[in-house]
Amino acid sequence: MSGSHPRLHQSTAPAPNALSTDKDAEMPATEKDLAEDAPWKKIQQNTFTRWCNEHLKCVNKRIGNLQTDLSDGLRLIGLLEVLSQKKMFRKYNQRPTFRQMQLENVSVALEFLDKENIKLVSIGESRSGGTCLSPAHVCFASFERL
């Protein structure tokens, strides 16, 4: 065989894409775990969403996106009522069309938790040691910044 196959004589240098650095490979393990797109976060979010939806079935409500669907307070109130088997202590807006109404609904839910002596842990510690989760955090989906 005088003529050899052209692929046998190709350079063994890596392809141009193989030379580019992988951002995840350079990132330390702790940063990978804390990254916004860390796989465990997505798994945890999906698991919690399914758990919420299982309980919300009784009140004909559903959560598709945790960060946005709790913002008007209605699903949060529904979930709290189902889990506690109690009604909210004060009225809330059934059709919250304005941000102020949404904030008020979330305030009702957080107030309910407080009156039931349910403490929120690991959610935005304040300097005094308590939690600093506000209605605005829930309404404006800013959980990631806590």
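Conventions and cut-offs
Residues numbered from 1 in each chain as written. Predicted model: local features only at pLDDT ≥ 70, side-chain atom pairs only at ≥ 80, totals over all residues. Heavy atoms only, no water. Helix = DSSP H or I, 4+ residues; strand = E, 2+ residues; numbered from the N terminus. Buried < 20%, exposed > 50% of the residue type's maximum accessible area, 1.4 Å probe, protein only. Contact = heavy atoms within 4.5 Å. Areas by Shrake-Rupley, 256 points an atom, 1.4 Å probe, with all protein chains shown as cover. Expected span 1.5 Å × (residues − 1). Arc of directions from axis to C-beta. Phe/Tyr/Trp six-rings, centres within 6.5 Å; stacked < 30°, edge-to-face > 60°. Core = buried A, V, L, I, M, F, W, Y, C linked by side-chain atoms within 4.5 Å. Patch = residues over 30% accessible without salt bridge, like charges linked within 9 Å, V, L, I, M, F, W, Y side chains within 5 Å. Salt bridge = Lys/Arg side-chain N within 4 Å of Asp/Glu carboxyl O.

As named in an unreviewed UniProt entry, the chain is Calponin-homology (CH) domain-containing protein, taken from Hippocampus comes.

Enquirer: Can you tell me about the overall build of the chain, naming the residues and giving the values?
Expert: When its secondary structure is counted, the chain shows eight helices and zero strands. Secondary structure elements of the chain occur, N-terminal to C-terminal, as α-α-α-α-α-α-α-α. Expressed as a percentage of the 146 residues in the chain, the buried residues total 27%. Put simply, of all contacts in the chain between residues at least 6 apart along the chain, 41% involve residues at least 24 apart. Roughly 11,100 Å² of accessible area belongs to the chain as shown, and the carbon and sulfur atoms make up 53% of that amount.

Enquirer: Break down helix α4 (residues 39-56) for me, with residues and values.
Expert: Between its first and last C-alpha, α4 extends 26 Å over 18 residues, near the 26 Å set by a 1.5 Å rise per residue. What α4 keeps buried is the set Thr49, Cys52, Asn53 and Leu56. In a view along the axis of α4, the buried residues occupy a sector of 100 degrees, so they form one face of it. Away from its buried face by more than 90 degrees, α4 exposes Pro39, Ile43 and Arg50. Of the surrounding secondary structure, the elements contacted by the buried residues of α4 are α5 (66-69) and α6 (74-84).

Enquirer: Quick one: what's the story with the packing of aromatic side chains, residue by residue and with numbers?
Expert: Each aromatic ring pair is characterised by the separation of its centres together with the angle its planes make. Per the stated rule, a full pass over the model turns up two aromatic pairs. Here Phe48 and Trp51 contribute two aromatic rings whose centre-to-centre distance is 5.6 Å and whose plane-to-plane angle is 20 degrees, an arrangement assigned as stacked. Residue Phe48 and its partner Trp51 are located together in helix α4, separated by three residues, close to a single helical turn. Seen in terms of ring centroids, Phe89 and Phe112 are 5.1 Å apart; in terms of plane orientation they differ by 35 degrees. Their pairing is tilted.

Enquirer: Describe α6, with residues and values.
Expert: By the criterion of burial, α6 is predominantly enclosed, with eight of the 11 residues buried. All of the buried residues in α6 are Leu74, Leu76, Ile77, Gly78, Leu79, Leu80, Glu81 and Val82.

Enquirer: Could you give an account of the nonpolar core, with specific residues and numbers?
Expert: Buried together is how nonpolar side chains tend to be arranged in soluble globular proteins. Ranked by size, the top nonpolar core spans 16 residues in total, and within it Ile63, Leu70, Leu76, Ile77, Leu80, Met88 and Ala109 carry the most contacts. For this core, the secondary-structure elements that each account for two or more residues are α4, α6 and α7 (99-115). With six residues, α7 is the largest single contributor of residues to this core. Contacts of Ile77, omitting those with residues within four sequence positions, involve Met88, Tyr92, Asn105, Val108 and Ala109.

Enquirer: Mind laying out a nonpolar patch on the surface, listing which residues take part and the relevant values?
Expert: Taken together, the side chains of Phe48, Trp51 and Leu83 define a hydrophobic patch exposed on the protein surface, amounting to about 280 Å² of accessible area. Given the relative accessible area of 38%, Trp51 is considered partly exposed.

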